[in-house]
Each structure stands twice: as C-alpha cells, then as structure tokens.
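Spelled out from the first residue to the last, the chains are:
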Amino acid sequence: MKYEYREVKCPRCSHVFMWNKNGRESHVVTMHRIKENGKYVEEANCPKCEMKMLVLDKIYEGIDINDERIEHIGVRGI
C-alpha cells in the first residue's frame, strides 16, 4: 500500500495534523461527493477535537461533513 500524507487544518479547533489518504480507520466507508462536479471526497477525523470532516484535494482546511455543497451517497464495506 502506498502512503500518501498531507497537512489538514481542522475547521473547528484549527489543529493542523498529518492525514494519511490511504489509512482508513474503519472497514465501513461513507461515500461523499461534491454536488457541483461529482468528485468524491475523503473523510478524516481531527485527532485533537475528534471532529469528522471532509478533505478536498489541494484545499488546506477540512470542511464540515454536513456542508451543503456535499452529498452523501451511501455506505460501503471494505
């Protein structure tokens, strides 16, 4: 497995942490995508405040999982 890390800033507590794009913590994955372009986005949890957020490509700060620009399209098991 290839490890792919990047910095992410939590929108709630401003904590900056390293996030592993390929390091899923669970075997069940909720799928999210941007309504405007249909692009899938990844989920992350802030290690400080435990906020669940979404990480968009090339965007430093995570966004709230309930952001109106995002659609939740189901859950799949791995």
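Anything mentioned here points back to the structure above.
Calculation rules
Numbering of residues starts from 1 in every chain and runs along the sequence as written. Under the rules for a predicted model, residues below a pLDDT of 70 receive no local features and side-chain atom pairs below 80 are neither given nor counted, while totals for whole chains, interfaces and linings still include all residues. Derived side-chain values reflect all non-hydrogen atoms in the structure, with water molecules and hydrogen atoms excluded from consideration. Put simply, DSSP marks the helices as runs of H or I at least four residues long and the strands as runs of E at least two long, and each gets a number from the N terminus on. Accessible area is worked out with a 1.4 Å probe on protein chains only. A residue is then buried under 20% of its type maximum, exposed over 50%, and partly exposed in between. Whether two residues touch is decided by their heavy atoms; if any such pair falls within 4.5 Å, the residues are in contact. For the accessible areas, the method is Shrake-Rupley and the probe is 1.4 Å, while residue cover comes only from the protein chains on display. Whether a set of points on the 1 Å grid over the protein atoms alone is a cavity depends on a 1.4 Å probe fitting there but being unable to get out, while an open set qualifies as a pocket with protein on both sides within 12 Å along at least five of seven lines; lining residues are those with an atom within 4 Å of a point. Grid points are joined across faces, edges and corners, and a volume is the space filled by probe spheres set on the points. Classification used: nonpolar for Ala, Val, Leu, Ile, Met, Phe, Trp, Tyr, Cys and Pro, charged for Asp, Glu, Lys and Arg, polar for all others including Gly. Here a polar contact means two N or O atoms within 3.5 Å. Within protein one must be a hydrogen donor candidate and the other an acceptor candidate, and residues neighboring in sequence count only if both atoms are side-chain atoms. Between Lys or Arg on one side and Asp or Glu on the other, a salt bridge is scored when a side-chain nitrogen of the former is within 4 Å of a carboxyl oxygen of the latter. We define a nonpolar core as any set of buried Ala, Val, Leu, Ile, Met, Phe, Trp, Tyr and Cys residues linked to one another through side-chain atoms lying within 4.5 Å.

Trainee: Is there a simple way to explain the overall build of the protein chain in this structure?
Mentor: Helix and strand content of the protein chain: zero helices and seven strands. Helices and strands in the protein chain line up, N terminus first, as β-β-β-β-β-β-β. By residue count, 27% of the 78 residues in the protein chain fall in the buried class. Counting only contacts in the protein chain whose residues sit at least 6 apart along the sequence, the fraction spanning at least 24 positions is 51%. For the protein chain, the accessible surface area stands at approximately 5600 Å², while carbon and sulfur atoms represent 47% of it.

Trainee: Sorry, what's going on with the layout of surface pockets here?
Mentor: One water molecule sets the probe size; rolling that probe over the atoms shows where empty space is left. Empty space within the second largest pocket amounts to approximately 260 Å³. Along its surface, the second largest pocket is lined by 16 residues, and Ile34, Lys39, Val41, Leu56 and Asp57 are the ones closest to its centre. With three residues, strand β4 (residues 40-45) is the largest single contributor of residues to the lining of the second largest pocket. Grouping the amino acids of the lining of the second largest pocket by side-chain chemistry returns eight nonpolar, one polar and seven charged.

Trainee: How do you make sense of the side chain of Asp67 when you look at a structure like this?
Mentor: Among the structural elements, Asp67 can be located in the loop between β6 (63-64) and β7 (70-77). Using a relative accessible area of 19% as the deciding quantity, one classes Asp67 as buried. Polar contacts involving the side chain of Asp67 include one to the main-chain amide nitrogen of Arg69, which spans 2.8 Å.

Trainee: Before we go on, may I ask you to explain the pattern of salt bridges in this structure?
Mentor: Pairs can form between side chains of opposite charge once their charged atoms are near each other. For the structure shown, the criterion picks out four salt bridges. Put simply, Lys39 and Asp57 hold a salt bridge, and the shortest N to O gap is 3.2 Å. Placement of Lys39 in the loop between β3 (28-34) and β4 and of Asp57 in the loop between β5 (52-55) and β6 is noted, with a sequence separation of 18 residues between them. In this structure, the salt-bridge partner of Glu43 is Lys52, at a minimum N-O distance of 3.7 Å. Judged by its relative accessible area of 29%, Glu43 is partly exposed.

Trainee: Which parts of the structure should I look at to understand the nonpolar core?
Mentor: Note that soluble globular proteins tend to have their nonpolar side chains buried in a common cluster. Counting residues in each nonpolar core, the largest one holds nine residues, listed as Val8, Cys10, Phe17, Trp19, Ala44, Cys46, Met51, Met53 and Val55. Within the residue set of this core, elements represented by two or more residues are β2 (16-20) and β5. In this structure Cys46 touches Cys10, Cys13, His15, Phe17, Met51 and Met53, once residues within four positions along its chain are discounted. Among the nonpolar cores identified, the runner-up in size contains seven residues, and Ile34, Leu54, Leu56 and Ile63 belong to it.

Keep in mind that these numbers describe shape and distance, not what the molecule does.
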